[in-house]
Amino acid sequence: MTLFHILERRLQQAVSRHLSERYGVEIPVAVEQPKQSSFGELALPIAFQLAKQLRQPPKKIAEQLAGELSPIPGVARIEVAGNGYLNVRFDRGGYAGGLLSGEREVSAPKSGKIIVEHTNINPNKAAHIGHLRNAVLGDTFVRMLRSAGHSVEVQNYIDNTGVQVADVVAAFHYLEHKSAAEVRELIEIERFDYYCWDLYARISQHYKDNAEALAWRQETLHSIESGEGDIAEIGHLVADAIVRAHLATMLRLGIYYDVLPRESEILHLKFWARAFELLKERQAIYFETGGKNKGCWVMPGAAFSEQAGEEDSKVIVRSNGTVTYVGKDIAYQLWKFGLLGRDFRYRRWMVYPNGHEVWVSTSEASQAGAPPFGRGSYVYNVIDSRQSYLQDVVVAGLRALGFSEQAGRSIHFSYEMVTLTPATCVELGIELTDEDRRRPYVEVSGRKGQGVKADDLIGRLIADACQEVDSRHPQAPEPERRRVAAQIAIGALRFFLLKYTRNAVIAFDFQEALSFEGETGPYVQYAAVRARNILRKLAERGEPLPDFNRELSAGAMARQLASEDFWQLLLEASRAEVALERALASGEPAHMAKYAFQLAQAFNTFYHDYHVLAEENRERRTVLLWMTHYFHAQLERTLEVMGIDVPEYM
RNA sequence: GGGGACGUAGCUCAGUUGGAUAGAGCGUCCGCCUCCUAAGCGGAAGGUCGGCAGUUCGAAUCUGCCCGUCCCUACCA
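Residues numbered from 1 in each chain as written. Chains lettered and ligands numbered in written order. Predicted model: local features only at pLDDT ≥ 70, side-chain atom pairs only at ≥ 80, totals over all residues. Heavy atoms only, no water.

### Some points on the overall build of chain A
Operational definition: Helix and strand labels come from DSSP, where a helix needs a run of H or I of at least four residues and a strand needs a run of E of at least two; each type is numbered from the N terminus. We call a residue buried when its accessible area falls under 20% of the maximum for its residue type, exposed when it is over 50%, and partly exposed in between, using a 1.4 Å probe and counting protein chains only. Only the protein chains shown count as covering a residue, and every accessible area follows the Shrake-Rupley method with a 1.4 Å probe. Only four residue types enter the tally: Lys and Arg on the positive side, Asp and Glu on the negative side; His and the chain ends are excluded. In plain terms, the charge of a residue is placed at NZ if it is Lys, CZ if Arg, CG if Asp and CD if Glu.
A count of helical and extended segments in chain A gives 27 helices and 15 strands. Across the 650 residues that make up chain A, the buried fraction comes to 54%. By element, 47% of the accessible surface of chain A is carried by carbon and sulfur atoms, the whole surface being about 29300 Å². The averaged location of the 84 negative side-chain charges in chain A is 4 Å from the averaged location of its 74 positive side-chain charges.

Structure follows, in structure tokens:
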């Protein structure tokens, strides 16, 4: 627990005790952040809450409380403001001293494992901007959880036997008349994920023009499921190659996975068969004997929706005996909690450059060294909001099986889709109707090959950043400039995807996404770079960083922090953990982005107003140096949670 | 028809459990590099928080009704 929290809690307890002793009331003491920083560090609206009970005006109660509360360590004074607010001001010198000495309470290590499933891209074509939102949200949430001390397992589900893969496989076989060997060769010589992007658009169009060709899809699905023959072989080749491409794209963004559970193993290792038994046994589903779902196994609508009637039952097993996606998802969700009574086998998929290993499910014997995957105590599924109905069905399945605790711990971490602005559509050559042109955003079709490919976008961002870096640092070696440009590009991209709250539809616009000014990743990175430049300059002058603990007395801190400007920056920097906790509690990575931006803003103002190295007063200079150092550490830590690097220079 | 999300400045969006004078970025206009990097800083203009009613000492926030936009409502995933 950080110093800020310690003070907050101390205040709550003191006020709570006083209320109980003086007035005999037991109510939770709300503590808020004042509207304006000039009001102090914390505010208590307690007098408003008490006004009714005590039949006295809030202001009078506030005055009584302010006068009667016994001193609280760390709190300088409590003032009455407005109609009855109690504004609390910290003892600045003491607070700074606490930060300097690292005063905090160690929180107990969290038990249990949290599983976060994200990315989940169909392995049939290149990743696009919408997939990036999923992965960046998921990855940032994972980093937030880990930063708070949780143990987290990252799963990326691979639907390698679904319709989307089958369509591309069918295209290779029926449209292009390619053998598995030829596809294998293509993978070597082509930008394969891009190739499939276009091929998928081609076969989608072909199906549209020749409805009878849809028979290819069924044929292909059958071949893939049987696992025998050339078509099945193409299926493996396509899915594996595309997964490799996706992981490479995500690695550019600093996104890693622990395990890739695949649909093929859900089928081959009879996960579904087992789940089916359970569902039948506990009567979570029933065999429909009449109506539109005759011959299907269905889950009654009442299980997942209060308003649902007979009509709204969800088909789990089709009348031809095949299982729907939701059925497989129920089996998968059961496995995640260790409730299925079956496990995958695993083999190493790849080792990342940093040594981290990612494993993949297999139906062969397990390779040695596989970590114990699954058996999570909480499961977060990062899936777009359009699928909330299906996620509800999955959770209802768990509940119907009697696993209500796990059902409650199944969290659909939903987010809205990414669309394109009309201007960006025009830039991409996508035809628009007059109606579309007037809309703020347009949802485009991946089936038609429309959209912004992730690697294209990253490439453009890097090119733009490179231009800036080149013009500012022409003397720096080329590979280094390139690395810095990539860090800036990724910073811009991740920040862009994180600054919107989850339920905001993002209207992607090239002009906006390629901006490096204002509320952007590079703005925040720049503030960190500026702070580091000051410290580096100091070192270049042959001056070591002062021993702050020895040089800065409580008195010196108090004297210098009497300056409102200094105090506000220090306070804001000290709230990094508060921001993290708030973001975690609300499940909003956007709060991290907001905080990072505000902190950067505070520092940029400070940087502009005070020349640290030129400061002649020794005590003040030392305080400014310490604040610069502390700010940098706090901002860097915050950016790290967002997966954003601080470049060496900008 | 049913379910869900949303409507806040010209544009894109924040807004904790209802609280003090509703915020930011972009855009527009006006300024600031002899000084640790101007990817920066300062200032100005810009609002009936979709509408109406209600609850409350107090509503952008809660409730109801209405208007508008989007998503879902497959034996696709």
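### As for the protein's contact with RNA strand B
For clarity, the threshold we go by: Throughout, the term near means that a residue has one or more heavy atoms lying within 4 Å of the molecule or strand in question. Pairs of N or O atoms within 3.5 Å make up the polar contacts considered here, provided that, within protein, one atom can donate a hydrogen while the other can accept it, and that residues adjacent in sequence are counted only when both atoms are side-chain atoms.
In the region of RNA strand B, 71 residues are neighbours, and Tyr-85, Arg-318, Thr-501, Tyr-526 and Tyr-607 sit closest. Sugar plus phosphate, as a fraction of atoms of RNA strand B within 4 Å of the protein: 63%. Asn-604 places a polar side-chain atom, nitrogen or oxygen, 3.5 Å from a sugar or linking oxygen of RNA strand B. Every element with two or more residues in the surface near RNA strand B is listed here: helix 2 (46-54), strand 3 (85-90), strand 9 (314-317), helix 14 (388-400), helix 18 (454-472), helix 21 (521-540) and helix 26 (590-609). A per-element tally of the surface near RNA strand B places helix 26 first, with eight residues.

### Remarks on the sheet that holds strand 9
For clarity, the cut-off: Strands were regarded as paired on the criterion that DSSP finds at least two bridges between them.
The strand order across the open sheet built from three strands is 7-8-9, with neighbouring strands paired in antiparallel fashion. The strands lining the two open edges of the sheet, one partner per strand, are strand 7 (286-287) and strand 9. Pairing of strand 8 (residues 297-299) with strand 9, which is carried by three bridges, proceeds in the antiparallel orientation. Each residue of the ladder has a partner; that of Trp-297, found in strand 9, is Val-317.

### Regarding the packing of aromatic side chains
Here is the rule: Paired rings are identified among Phe, Tyr and Trp, the last through its six-membered ring, by centres lying within 6.5 Å, and are further divided according to the angle between planes into stacked (under 30 degrees), edge-to-face (over 60) and tilted (the rest).
Applying the stated criterion to the full structure yields 32 aromatic pairs. Centre to centre, the rings of Phe-304 and Tyr-389 are 5.8 Å apart; their planes meet at 75°, and the pair counts as edge-to-face. With a gap of 85 residues between them, Phe-304 in the loop between strand 8 and strand 9 and Tyr-389 in helix 14 connect regions that are remote in the sequence. A residue is classified by how much of its surface remains accessible, and Phe-304, at 15% relative accessible area, is buried. Exposure remark for Tyr-389: the relative accessible area of 39% places this residue in the partly exposed category.

### Topic: helix 8 (residues 192-209)
Rules: Helices are assigned an expected span. That span is 1.5 Å times one less than the residue count. Pairs of residues are marked as contacts when any of their non-hydrogen atoms sit within 4.5 Å.
For helix 8, with 18 residues, the first-to-last C-alpha span of 25 Å sits near the 26 Å given by 1.5 Å per residue. Turning to helix 8, its buried residues are Phe-192, Asp-193, Tyr-194, Cys-196, Trp-197, Leu-199, Tyr-200, Ala-201, Ile-203, Ser-204 and Tyr-207. Lining the buried residues of helix 8 we find helix 6 (163-175), helix 7 (180-189), helix 9 (214-226), helix 10 (229-252) and helix 18.

### Considerations on the sheet that holds strand 3
What links the strands of a sheet is backbone hydrogen bonding, and the strands pair in either a parallel or an antiparallel sense. Our working rule: Axis definition: a line fit to C-alpha positions, over the contact stretch in the case of helices; interaxial angles, taken between N-to-C directions, run 0 to 180 degrees.
With antiparallel pairing, the three strands of this open sheet are ordered in space as 1-3-2. On the outer flanks of this sheet lie strand 1 (42-44) and strand 2 (75-81), each paired with one strand and no other. Each strand axis lies, on average, 25° off the axis of its neighbour in the sheet, ignoring direction. Bridge count for strand 2 against strand 3 is six bridges, and the pairing is antiparallel. Residue pairing for strand 3: Glu-79 is matched across the bridge by Asn-87.

### Considering the environment of Val-317
With respect to the element layout, Val-317 can be found in strand 9. Counting along the chain gives 227 residues from Val-317 to Phe-90, while the straight-line C-alpha distance between them is 63 Å. Sequence-distant contacts of Val-317, defined by excluding residues within four places in its chain, comprise Trp-272, Phe-276, Cys-296, Trp-297, Thr-322 and Val-323.

### Remarks on the packing of helix 25 (residues 576-586) against helix 26
Put simply, the test is: With respect to orientation, any angle under 35 degrees is reported as roughly parallel, any angle over 145 as roughly antiparallel, any angle of 65 to 115 as roughly perpendicular, and every other angle as oblique. Crossing chirality is assigned from the near helix's rotation relative to the far helix, an anticlockwise turn below a right angle marking it left-handed and a clockwise turn marking it right-handed. Side-chain classes follow a simple rule in which Ala, Val, Leu, Ile, Met, Phe, Trp, Tyr, Cys and Pro form the nonpolar group, Asp, Glu, Lys and Arg form the charged group, and the remainder, Gly included, forms the polar group.
Two numbers describe how helix 25 lies on helix 26: the axes approach to 8 Å, and their chain directions differ by 155°. With respect to helix 26, the axis of helix 25 lies roughly antiparallel. By crossing handedness, the relation of helix 25 to helix 26 is classed as right-handed. Each of Ala-576, Ala-579, Leu-580, Arg-582, Ala-583 and Ser-586 in helix 25 lies in contact with helix 26, whose residues at this interface are His-591, Met-592 and Tyr-595. Among the residues forming the contact of helix 25 with helix 26, the class breakdown is six nonpolar, two polar and one charged.

### Here we look at the nonpolar core
Put simply, the rule is: The criterion is simple. A nonpolar core is a set of buried Ala, Val, Leu, Ile, Met, Phe, Trp, Tyr and Cys residues joined through side-chain atoms within 4.5 Å.
Grouped together as the largest cluster of nonpolar side chains are 149 residues, with contacts concentrated most on Leu-19, Tyr-257, Phe-508 and Trp-626. Ignoring sequence-local partners within four residues, the contact set of Tyr-257 consists of His-118, Thr-119, Ala-135, Val-154, Asn-156, Leu-247, Met-250, Tyr-352, His-356, Glu-357 and Val-358. Residues Leu-278, Ile-316, Phe-344 and Leu-401 belong to the second largest nonpolar core, which totals 39 residues.

### Some points on the side chain of Arg-133
The criterion, for reference: When a carboxyl oxygen of Asp or Glu is within 4 Å of a side-chain nitrogen of Lys or Arg, the pair counts as a salt bridge.
With respect to the element layout, Arg-133 can be found in helix 5 (residues 129-147). Buried charge Arg-133 goes without a salt bridge, the closest partner of opposite sign being Glu-416 at 6.4 Å. At 2.7 Å, the side chain of Arg-133 and the backbone oxygen of Glu-416 are in polar contact. Only 2.9 Å separates the side chain of Arg-133 from the backbone oxygen of Ala-504, close enough to count as a polar contact. Sequence-distant contacts of Arg-133, that is, excluding residues within four places in its chain, are made with Tyr-415, Glu-416, Met-417, Val-418, Leu-497, Tyr-500, Thr-501, Arg-502, Ala-504, Val-505 and Ile-506.

### Structural notes on the confidence of the model for chain A
Just so we agree on the cut-off: Looking at any residue, its pLDDT shows the predictor's confidence there, from 0 to 100.
Per-residue confidence for chain A averages 94 on the pLDDT scale, and 99% of its residues sit at or above 70. Reported for the predicted complex are a pTM of 0.97 and an ipTM of 0.97.

### Some points on the pattern of salt bridges
On inspection of all chains with the given rule, the structure shows 39 salt bridges. For Arg-483, the salt bridge goes to Glu-648, with nearest N and O atoms at 2.5 Å. On the criterion of sequence distance, the pair formed by Arg-483 in helix 19 (residues 478-498) and Glu-648 in the segment after helix 27 (618-641) is long-range, its members being 165 residues apart. Note that Glu-543 is salt-bridged to Arg-621, the shortest N-O span being 3.0 Å. Of this pair, Glu-543 sits in the loop between helix 21 and helix 22 (548-551) while Arg-621 sits in helix 27, and the two are 78 residues apart along the sequence. According to the relative accessible area criterion, Arg-621 is buried, its value standing at 14%. By sharing partners, the salt bridges in this structure join Arg-191, Asp-193, Arg-252 and Asp-455 into a single network.

### Quick look at the domain arrangement of chain A
Our working rule: The source of the domain bounds is an automatic or database domain assignment. For any pair of parts, buried area is found by adding up, for both, the accessible area (1.4 Å probe) each one loses once the two are put together.
According to the domain assignment, chain A contains domain 1 (3-90), domain 2 (113-269 + 339-373), domain 3 (420-513) and domain 4 (516-641). Spacing between the C-alpha centres of domain 2 and domain 4 amounts to 43 Å. Summing both sides of the interface, domain 2 and domain 4 together bury roughly 710 Å²; the carbon and sulfur share of this comes to 78%. When the buried surface of domain 2 facing domain 4 is broken down by residue, Arg-143, Met-144 and Ser-147 rank first, second and third, together holding 61% of it.

### A look at unusual backbone geometry
A positive phi is found at Thr-119, a non-glycine position, where the angle reads about 80°. With respect to the element layout, Thr-119 can be found in the loop between strand 4 (113-117) and helix 5. For His-177, which is not glycine, the phi torsion reads 50° and is therefore positive.

### Examining the packing of helix 21 against helix 26
Relative to each other, helix 21 and helix 26 sit at 45°, their axes nearing to 9 Å. Considering their axes alone, helix 21 and helix 26 lie oblique with respect to each other. Seen along the crossing, helix 21 lies across helix 26 with a hand that is left-handed. Together, Tyr-523, Val-524, Ala-527, Arg-530, Ala-531 and Ile-534 of helix 21 and Ala-596, Phe-597, Ala-600, Gln-601, Phe-603, Asn-604 and Tyr-607 of helix 26 make up the contact between the two elements. Residue composition of the contact of helix 21 with helix 26, grouped by class: ten nonpolar, two polar and one charged.

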